[in-house]
Amino acid sequence: MFYDHQQIEKKWQKYWEDNQTYKTSNNTDKPKFYVLDMFPYPSGAGLHVGHPLGYIASDIYARYKRHQGFNVLHPVGYDSFGLPAEQYAIQTGQHPAITTEQNINRYEEQLRKIGFSFDWSREVRTSDASYYKWTQWIFIELYHSWYNKNTDKAESIDTLIKHFEEKGTEGLNANQNDELNFTAEEWANASDLDKEDILLNYRLAYRAETTVNWCPALGTVLANDEVKDGKSERGGFPVFQKKMMQWSMRISAYSERLLQGLSKLDWPQPLKDSQEYWIGKSQGAQVQFQVEGHDEVVEVFTTRPDTIFGATFMVLAPENPLVDTITTAAQKAEVDTYIEETSKKTERDRMSDVKNVSGAFTGSYAINPFSGEKMPIYISDYVLMGYGTGAVMAVPAHDERDHRFAKKFNLEIKKVVETEEDVQENSFDSKDSVCVNSDFLNGLNYNDAKSKIISEIEMKGIGHGTTNYRQRDAIFSRQRYWGEPVPIYYKEGMPYTLPVSALPLELPEVEKYLPTEDGDPPLGNAKTFAWDEVNQKVVATDLIDDQTVFPLELSTMPGWAGSSWYFLRYMDPQNDGEFCAKNLSDYWGQVDLYIGGSEHATGHLLYSRFWNMFLKDRGYISHDEPFQKLINQGMILGMSAFVYRIDGTNKYVSKNLASEYQTQQIHVDVSLLKGTSDELDTEAFKAWRPDYANAEFILEDGKYITDREVEKMSKSKYNVVNPDDICEEYGADGLRLYEMFLGPLEQSKPWNTQGLSGVYGFLKKFWNLYFNGDVFEVSDEEPTKAEYKVLHTLIKKVVYDIENFSFNTSVSSFMIAVNELQKLKCNKRNILEPLAVIISPYAPHICEELWSLLGHNESIEFEKFPALNEDYLIEDEIEYPVSVNGKMKFKISLSAQLSAKEVEDLVISNEKMQQILEGKTPKKIIVVPHRIVNIVI
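These numbers were taken from a predicted model, which means no experiment stands behind them.

Overview of the overall build of the protein chain
Within the protein chain, the secondary structure is distributed over 29 helices and 36 strands. Each of the three principal axes of the protein chain carries a C-alpha extent, and together these read 110 × 75 × 75 Å. Within the protein chain, the proportion of its 937 residues that are buried is 53%. Once local pairs closer than 6 in sequence are excluded, the contacts in the protein chain between residues at least 24 apart make up 71%. Element-wise, carbon and sulfur atoms account for 47% of the exposed surface of the protein chain, whose accessible area totals about 41,000 Å². Between the centroid of the 97 positive side chains of the protein chain and the centroid of its 141 negative side chains there is a distance of 5 Å.

What to know about the side chain of Arg478
Of note, Arg478 is situated in the loop between strand S17 (474–475) and strand S18 (488–491). Judged by its relative accessible area of 4%, Arg478 is buried. At 3.4 Å, the side chain of Arg478 forms a polar contact with the backbone oxygen of Ile475. When residues no more than four places from it in sequence are discounted, the contact partners of Arg478 are Thr220, Val221, Ala223, Glu226, Ser555, Thr556, Met557, Pro558 and Trp560.

Considerations on the nonpolar core
Residues Phe139, Met249, Tyr254 and Trp611 are the most contacted members of the largest nonpolar core, which totals 91 residues. By residue number, the principal contributor to this core is helix H5 (residues 129–143), which donates 10 residues. Grouped together as the second largest cluster of nonpolar side chains are 86 residues, Ile60, Trp751, Phe771 and Ile831 included.

Topic: the pairing of S18
Bridge count between S18 and strand S19 (residues 494–497): 4 bridges; the pairing is antiparallel. Across the sheet, Ile488 pairs through a bridge with Thr497, a residue of S19. In this antiparallel pair of consecutive strands, S18 and S19, the connection spans 2 residues, and Glu492 shows a positive phi of 55°.

Describing the domain arrangement of the protein chain
The domain architecture assigned to the protein chain consists of domain 1 (281–469), domain 2 (636–712), domain 3 (726–872) and domain 4 (876–936). The gap between the C-alpha centroids of domain 2 and domain 4 is 66 Å.

Some thoughts on the layout of surface pockets
To find the voids left in a structure, one rolls a probe of water-molecule size over its atoms. Approximately 1,100 Å³ is the volume attributed to the second largest pocket. Counting only elements with at least two residues in the lining of the second largest pocket, the list comes to strand S10 (281–291), strand S11 (297–302), helix H13 (347–352), strand S15 (391–394) and helix H14 (400–409). Here the lining of the second largest pocket takes 4 residues from H14, the largest share from any one element. The residue makeup of the lining of the second largest pocket, split by class, is 14 nonpolar, 10 polar and 13 charged.

Brief notes about the UniProt feature "domain: Methionyl/Leucyl tRNA synthetase" (unreviewed entry) in the protein chain
UniProt tags residues 38–150 as "domain: Methionyl/Leucyl tRNA synthetase" (unreviewed entry). Measuring from the first to the last C-alpha atom of residues 38–150 gives 35 Å, for a span that is 52% helix and 6% strand.

Considering the sheet that holds strand S1 (residues 32–37)
Pairing in this open sheet of 4 strands is parallel, and the strands run S2-S1-S23-S24 from one edge to the other. Only two strands of the sheet have a single neighbouring strand rather than two, namely strand S2 (71–73) and strand S24 (630–632). Neighbouring strand axes in the sheet, compared pairwise and without regard to direction, differ in orientation by 15° on average. Of the pairings in the sheet, the one linking S1 to strand S23 (residues 593–596) comprises 3 bridges and is parallel in character.

Some words on helix H21 (residues 723–730)
Taken together, the buried positions of H21 are occupied by Pro723, Asp724, Ile726, Cys727 and Tyr730. Buried residues of H21 fall within an arc of 165° about the axis and therefore sit on the same side. For H21, exposure combined with an orientation more than 90 degrees from the buried face picks out Asp725, Glu728 and Glu729. Its side-chain oxygen at 2.8 Å from the backbone nitrogen of Asp724, Asn722 defines the N-terminal cap of H21. Where H21 ends, the next residue or the one after it, Gly731, has phi of about 90°, a positive value.

Here we look at the environment of Pro841
With respect to the helices and strands, Pro841 occurs in the loop between helix H26 (829–839) and helix H27 (844–853). Residue Pro841 is classed as buried on the basis of its relative accessible area, which comes to 0%. Sequence separation between Pro841 and Leu894 is 53 residues; the distance between their C-alpha atoms is 40 Å. Aside from chain neighbours lying at most four places away, what touches Pro841 is Ile60, Arg63, Tyr64, His67 and Arg736.

Here we look at empty space enclosed by the protein
Counted under the stated rule, the structure contains 1 cavity of 30 Å³ or more. Approximately 30 Å³ is the volume attributed to the largest cavity. Taken together, Leu36, Asp37, Phe39, Pro40, Pro75, Val76, Gly77 and Tyr570 make up the lining of the largest cavity. Class assignment of the residues belonging to the lining of the largest cavity gives a composition of 6 nonpolar, 1 polar and 1 charged.

Brief notes about the packing of helix H4 (residues 96–113) against H21
Between H4 and H21, the shortest axis-to-axis distance is 10 Å and the interhelical angle comes to 30°. When the interaxial angle is binned, H4 and H21 end up roughly parallel. Crossing geometry of H4 relative to H21 is assigned as left-handed. Of the residues in H21, those touching H4 at Arg106, Gln110 and Lys113 are Pro723, Asp724 and Cys727. For the contact of H4 with H21, the per-class residue count stands at 2 nonpolar, 1 polar and 3 charged.

Some remarks on the side chain of Asn103
Examined against the element boundaries, Asn103 turns out to sit in helix H4. Residue Asn103 is classed as buried on the basis of its relative accessible area of 15%. Setting aside residues no more than four positions away along its own chain, Asn103 makes contact with Pro42, Ser43 and Gly44.

With respect to unusual backbone geometry
Between Leu503 and Pro504 the backbone carries a cis peptide bond, its omega angle lying at 0°. Within the secondary structure, Pro504 is located in the loop between S19 and strand S20 (530–532). Positive phi is not limited to glycine here, since Asp439 has a value of about 55°. Mapped onto the fold, Asp439 is located in the loop between H14 and helix H15 (446–460). Of note, Glu492 is a non-glycine position whose phi angle comes to about 55°, a positive value. Tracing the backbone shows Glu492 in the loop between S18 and S19.

A word on the sheet that holds strand S35 (residues 924–928)
If you trace the 4 strands from one edge of the open sheet to the other, you get S34-S33-S36-S35, paired in mixed fashion. Of all strands in the sheet, those bounded by a partner on one side alone are strand S34 (887–895) and S35. For this sheet, the mean inter-axis angle between neighbouring strands, taken without regard to orientation, is 20°. Bridge count for strand S33 (residues 877–884) against strand S36 (residues 932–936) is 3 bridges, and the pairing is parallel. Within S36, the position partnered with Ser883 by the bridge is Asn934.

Quick notes on helix H22 (residues 732–741)
Taking burial as the measure, the 10 residues of H22 include 9 buried ones, the bulk of the element. For H22, the full list of buried residues reads Ala732, Asp733, Gly734, Leu735, Arg736, Leu737, Tyr738, Glu739 and Met740. Downstream of H22 by one or two residues, Gly743 has phi in the positive range, about 155°.

Notes on the environment of Ile308
Its place among the elements puts Ile308 in the loop between S11 and strand S12 (313–316). Classification of Ile308 as buried rests on a relative accessible area of 0%. It is 74 Å that separates the C-alpha atoms of Ile308 and Asn934, two residues lying 626 residues apart in sequence. Apart from residues lying up to four places away in sequence, Ile308 is in contact with Val287, Phe289, Asn368, Pro369, Phe370, Met393 and Ile453.

Some points on the pattern of salt bridges
In total, this model carries 48 salt bridges according to the counting rule given. Glu861 is paired through a salt bridge with Arg63; the nearest N and O atoms lie 2.7 Å apart. Highlighted residues: Glu861 in the loop between H27 and S33 and Arg63 in helix H2 (residues 52–67), separated in sequence by 798 residues. Assessed through its relative accessible area of 1%, Glu861 is described here as buried. You can call Arg63 buried: its relative accessible area is 1%. Among the ionic pairs, Lys616 bridges to Asp624, the shortest N-O distance being 2.9 Å.

About the cut-offs
- Residues numbered from 1 in each chain as written.
- Predicted model: local features only at pLDDT ≥ 70, side-chain atom pairs only at ≥ 80, totals over all residues.
- Heavy atoms only, no water.
- Helix = DSSP H or I, 4+ residues; strand = E, 2+ residues; numbered from the N terminus.
- Buried < 20%, exposed > 50% of the residue type's maximum accessible area, 1.4 Å probe, protein only.
- Contact = heavy atoms within 4.5 Å.
- Areas by Shrake-Rupley, 256 points an atom, 1.4 Å probe, with all protein chains shown as cover.
- Lys, Arg positive; Asp, Glu negative; His and termini not counted.
- Charge placed at Lys NZ, Arg CZ, Asp CG, Glu CD.
- Polar contact = N/O pair within 3.5 Å; in protein donor to acceptor, adjacent residues only side chain to side chain.
- Core = buried A, V, L, I, M, F, W, Y, C linked by side-chain atoms within 4.5 Å.
- Pairing = 2+ DSSP bridges.
- Domains from an automatic or database assignment.
- 1 Å grid on protein atoms, 1.4 Å probe; cavity = no way out; pocket = protein on both sides within 12 Å on 5 of 7 lines; lining within 4 Å.
- Points joined across faces, edges and corners; volume = space filled by probe spheres on them.
- Nonpolar A, V, L, I, M, F, W, Y, C, P; charged D, E, K, R; others polar.
- UniProt positions renumbered as here; feature names shortened; annotations may be inferred.
- Axes fitted to C-alpha atoms, helices over the stretch in contact; angles between N-to-C directions.
- Arc of directions from axis to C-beta.
- Parallel < 35°, antiparallel > 145°, perpendicular 65-115°, else oblique.
- Left-handed = near helix turned anticlockwise from the far one by under 90°.
- Salt bridge = Lys/Arg side-chain N within 4 Å of Asp/Glu carboxyl O.

Structure, rendered in structure tokens:
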């Protein structure tokens, strides 16, 4: 019977939509299972075949859990704010909302074609005001919270105010920007403005001067992962370090909890490792060094206070505020030039560049508090202001970077850890050695020396033992248009939150999406974007009088704001009264399975965990972590094609002749190749772009052969394959099966369209099991034991594979089972009905059609997954190979129930064995039950 995949797939996609087959109820009687894909960003290019890999895997798992009787939440939505849509708006003048809507429609059309079992009724978009109303609400909650280290959680700012009213800062143990000291009386006498200023020092969302990645061409601050080699990832524009007043999130308050929480998560170890590295916990001491001739002190954090006698110079971050104060007039020009150069590097570049050493001398000296020696103070870009205190005591004998610095600037290198290594030539770092040249620490091992020196530091009153974290607070402002407005207005320069009743603060219309002439963010172009405090509403900007009408915050939130809590909104997406009803977040709880790319190892996953912990602290949800199990899918790689252009000409030489010329390798669109070959369609190439219209070709055997290479699938490499084309030719079920068949989910693998024909052939064979010629024919006759064995072998394998995410081997098992059933000419209902259910998570369309033909009126989706019966896998008979003196002579079929002695007796009495023995008695008989018989004569 002809397998018409196009007609079948259209029919069932319409059925699922019309009948809301995958709509999830909040029925709390069933056990729940929450399967989620990482939030897609809808780009204009649409999907290529690499994108659905993780979605197919999660969809198989979601369908499998429905078959097991779970209430499955498997939603979809769009991370629809962001820079690409804004850049397109700047170039074309088209509102980002329009292009975003078009892109989403394109994505949705493609996703529906692949037959995903998403609950489309729960779709959320971060750029919808009904969604970002709650992103703004979470921001307001963060603003009105502080972190109490005594209770180890976030609390309402009201409890902090109460503490100030009763005790001032006495006994306060808070996460803060600066350590403040005042009495309850001083708090009571402070002005309202001063009180607000003090509270900003503790709020979890706060405004402060911060060093940021500033991109003048894009007119915005960029996150570290949006900058590469000192340039913006989007557009390749120069990025500079700049100090600006920015909103930040106090994620640093959660560093220890974020670190400890990793042990409870079922995540890939490399992902946990990268979070651990990013958080960067280290234990050591905070120590103050006096600066000669100044009242200032340089405070450092060091993990090796035991080496303090070997500290021979100090290095400050170029942006450390002390630099201005302590730099001498003679050194000012050199220091200023160096600071200017450093501003062109991102923090990430500075951290990763471990080989190059540079710096400038400030002209000042610090005094080593233990050796009493003068230590020259330098600045260098290898010290970061955001890590520790923005200053280090340099111990060049025992730190590789300090050693390179000391060699470059001819500074003293003093050994203080016992070693045979010549520390003048190479640094030596060890925690197993003992202290030398260190006065009262001499002869002590690392742990004892560390305890002793910390005790001495504390006795001298110049510091204390402490724990430090590399992770810094997350900058939350973006000088962009296409993002969530921050619900803040300014009165006397101080920020205040809008009342919750005023949310959402909607994104206003602007004439242009670039910063204003005064350098304000694009929202500065809005004509209606001011806050009327009396009437509690947004009004025209020209009404601002700073008496009753005040300016609103002009920055927007970063891309990660909306994606840090979207998994919660899916639980209750239409609720206009709260971000998610507590009974629903309690029911759905954590995401049980989260699938997405490893590029989100730190940013998105850390921010989501932080917001989740915060909402738990404040009592809005009950679970500690958002994502219990996480899988990073690999990439599907594209097979790129290249032509060779002879330098300085418009001539192109075929691959195997290219070595004879000076050439440049150029990507060409894979659609310009003839069929599935490597031969270029030269006429199509000339028509592809105007600059190739007059191209000339040097051929081999009358053909132009391109070079091919497997690399990341990307529009810029012209190697993308459109899933729509695959669905058209091989069907969505073919695409789904093939993507799983390519290899283990976590590994990257190359795409090869030719491989689809094998999977498509399997689908046709599977389809034809249910037909006799063109007639649907399924028998109610009882299956044979052999047929049951095929079915239950498959059940066992597929259950194991799905639960271990080994989807590729399941597809192989389907092929084997269908081949065996075809050989057995099996058309029995008791085999073919469960077979359709087993294959349906992978190939839902064909299985729905067969299920319908089998006489069922309901979707196959909620049919119970077939139960394994191990009895069918027990062998009745065993075919024993019989070996004599190590050589196999014959085989004998015997009952599987026989004992080893019974097998031995039957083999010896066998006619063939009697002929071999010729009356001799065997020296030795070895019977391996169910395997082999070995006889020695």
